[in-house]
Amino acid sequence: MKKLIIAALAIVATAIAPSTFAQTKMVGGAPMYPTKDIVDNAVNSKDHTILVAAVKAAGLVETLKSAGPFTVFAPTNEAFNKLPKGTVETLLKPENKATLTKILTYHVVAGKLNAKDIAAEIKAGHGVAELKTVSGGTLKAMMKGKKLYLVDEKGGKSWVTIADVNQSNGVIHVVNTVLMPN
């Protein structure tokens, strides 16, 4: 009987483990657990240290730890490094908090939109989906082949490099360019 119970537990554990593992994605060398919130996962990504510093400087930590749900288009360090020299340092200064907040909240959409949801909106919009950001701006989402990309209000393009990184309070899509509002 004891062997039967152990065998049954092993089967259950094997059945559960793949689905749990499949939901956990690696970003910046760290696992992003769907049971953690956006901030608690982002702080572990070596590719998002500038974003985390910016979120802290803008005072958005508590907001992004709240229930949400949020869809976050998370620029990598490389994306921030594409900005003109000195831009990041200038934005992180306390006197530029309002500008930094506007830029960061331009990367956030209320609700949880996975890549499939966005693709459906693009299809319904005959090739373009307009996503209203928390900052009040608009991002245009489009597809090129199977790649999802965003166009900001200034015409800049950003590709989603890692989609559907599920969080307890939403979803992150990693992007390769900082999106800029008007």
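Look above for the structure.
Note on numbering: residues in each chain are counted from 1, in written sequence order. Side-chain atom pairs in this predicted model are given and counted only at pLDDT of 80 or more, local residue features only at pLDDT of at least 70, and totals for whole chains, interfaces and linings cover all residues. Side-chain figures throughout are based on the complete set of non-hydrogen atoms in the structure, without hydrogens or water.

## Considerations on the nonpolar core
Okay, step 1: The term nonpolar core refers to a set of buried residues drawn from Ala, Val, Leu, Ile, Met, Phe, Trp, Tyr and Cys, joined through side-chain atoms within 4.5 Å. Residue burial is assigned from relative accessible area. The probe radius is 1.4 Å, only protein chains are included, and a residue is buried under 20% of its type maximum, exposed over 50%, and partly exposed in between. Of all hydrophobic cores here, the largest spans 28 residues; its most connected members are V72, F80, L104 and I172.
Okay, step 2: Under the scheme used here, helices are H or I runs from DSSP no shorter than 4 residues and strands are E runs no shorter than 2 residues, and both carry numbers assigned from the N terminus. In terms of residue count, the dominant contributor to this core is helix 3 (residues 49-58) (five residues).
Okay, step 3: Ignoring any residue separated from it by four or fewer positions in sequence, one finds L104 in contact with L51, A54, V55, A58 and L60.
Okay, step 4: Core analysis: the next-biggest nonpolar cluster, separate from the first, contains 15 residues, Y106, L113, I122 and V160 among them. The contact criterion used throughout is that any non-hydrogen atoms of two residues lie within 4.5 Å.

## So, the pattern of salt bridges
Okay, step 1: Here, a salt bridge means any Lys or Arg side-chain nitrogen found within 4 Å of an Asp or Glu carboxyl oxygen. What the rule picks out here adds up to three salt bridges.
Okay, step 2: Ionic pairing is found between K65 and D37, a salt bridge with its closest N-O pair at 2.9 Å. You can see K65 sitting in helix 4 (residues 61-65) and its partner D37 sitting in the loop between strand 2 (30-32) and helix 2 (38-42), a full 28 residues away along the chain.
Okay, step 3: Judged by its relative accessible area of 30%, K65 is partly exposed.
Okay, step 4: Its salt-bridge partner being D40, residue K65 comes within 2.8 Å of it at the nearest N-O pair.

These figures come from the coordinates and say nothing about function on their own.
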